[in-house]
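Structural features, examined
Chain by chain, the residues:
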Amino acid sequence: ILAANVDQVVIVFAAAKPEPHLRMLDRFLVIAEANDLRARVVINKADLHAGGAEAVHAHFAEYERIGYPLHVTCVPQGLGLDLLREALRGRTSVVTGPSGVGKSSLLNALYDGLRLRTGDVSASVNKGRHTTVGAFLHPLPDGGYVVDTPGLREVGTWGIDAARLGDCFPEVRAHAFACRFADCAHRTEPDCAVRGAMGVDVSADRYESYCRLRDELEAEVVRGR
């Protein structure tokens, strides 16, 4: 547990260096959904992507389509900072994500007085070095608070029931009511509305994330017996 009593989770990934892993992003979003928290997706370091900010936005557009506000940012260029600052205004937000994605640099650019420590990405393993070692609550000059958290290398799905996992994927949740069976796992059951929406409202990548996480959660139950 990194923080409590927050209004929203701001999940920061990098467009490059380190390369973004969508399965990990999906895990962060599932945890937010399981705790009834609004989530925003921030893709930082847009200047490091060969295609620029437009290509970054297109790569992550699926998350915006299913309802998550998407921010593409670049600290050196000042890209997206005003909109993100407005999204934090008056709220208590926890900022989280992998190591090395520029969370502290981003917050420093948003708020001059924070002066958070920053670090570099290891060239040998393409992973960030930990510079934030604990969760700290910072008051914001224009109202609200932000919780800066340590970068994470792994994200578990502690405390989530496999049977409830579909509720943590908005696009799955939107179609599950139309499945033939109320306890449909959306795998091999006949007349599954979620699988029927594949390629239209449910992307193959997100469905694969759902299946992998469900396998993991069900395996944890078996190990715990």
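Look a little higher up for the structure.
If you're wondering where the values come from, they're calculated on a predicted model, not measured in any experiment. For every chain, the first residue of its written sequence is number 1, and the numbers climb from 1 along that sequence. Local features are withheld for residues below a pLDDT of 70 in this predicted model, meaning they are given only at 70 or higher, and side-chain atom pairs are given and counted only at 80 or more; totals for whole chains, interfaces and linings count all residues. Note that the side-chain values use all heavy atoms of the structure and ignore hydrogens as well as water.

1. Points about the nonpolar core
Here, the term nonpolar core denotes a set of buried Ala, Val, Leu, Ile, Met, Phe, Trp, Tyr and Cys residues that are joined through side-chain atoms within 4.5 Å. Only protein chains enter the accessibility calculation, which uses a 1.4 Å probe; a residue whose area is less than 20% of its type maximum is buried, one above 50% is exposed, and one in between is partly exposed. Ranked by internal contacts, the top residues of the largest apolar core, which has 24 residues, are I11, L25, L29 and I43. Those elements giving two or more residues to this core turn out to be β1 (8-14), α1 (22-34), β2 (38-44) and β3 (70-72). If you tally residues by element for this core, the top one is α1, at 5 residues. Leave out the neighbours within four places in its chain, and L25 touches I11, F13, V41, F60 and Y63. Counting from the N terminus, the helices are the DSSP runs of H or I reaching at least four residues and the strands are the DSSP runs of E reaching at least two. Residue contacts are defined here by distance: any two heavy atoms, one from each residue, within 4.5 Å place the two residues in contact.

2. Describing the sheet that holds strand β4 (residues 92-96)
Two strands are said to pair when DSSP picks up at least two bridges between them. Pairing in this open sheet of 6 strands is mixed, and the strands run β3-β2-β1-β4-β8-β7 from one edge to the other. With one partner strand each, in any of the chains shown, β3 and β7 (136-139) form the two edges of the open sheet. On average, each strand axis in the sheet is inclined to that of its neighbour by 25°, with strand direction left out of account. Each of β1, β2 and β4 is contacted by α1, which is oriented at about 175° to β1, the strand it contacts most. Throughout, an axis means a line fitted to C-alpha atoms (over the contacting stretch in the case of helices), and angles, computed between N-to-C directions, take values from 0 to 180 degrees. With respect to the sheet, helix α5 (residues 103-110) is in contact with β1, β2, β4 and β8 (145-148), its orientation differing from that of β8 by roughly 155°.

3. Observations regarding the packing of α1 against helix α8 (residues 204-224)
With their axes 10 Å apart at the nearest point, α1 and α8 run at an angle of 70° to one another. On the basis of the axis angle, α1 is roughly perpendicular to α8. As α1 runs across α8, the sense of the crossing is right-handed. For the pair α1 and α8, the contacting residues are R23, D26, R27, L29 and V30 in the first and D205, R206, E208, S209, R212, L213 and E216 in the second. By residue class, the composition of the contact of α1 with α8 is 3 nonpolar, 1 polar and 8 charged. Geometric relationships in this document are graded by angle, where less than 35 degrees denotes roughly parallel, more than 145 denotes roughly antiparallel, 65 to 115 denotes roughly perpendicular, and other angles denote oblique. Each crossing is labelled by how the near helix is turned from the far one, with a counterclockwise turn of less than a right angle marking it left-handed and a clockwise turn marking it right-handed. We call Asp, Glu, Lys and Arg charged. Ala, Val, Leu, Ile, Met, Phe, Trp, Tyr, Cys and Pro are nonpolar, and the rest, Gly among them, are polar.

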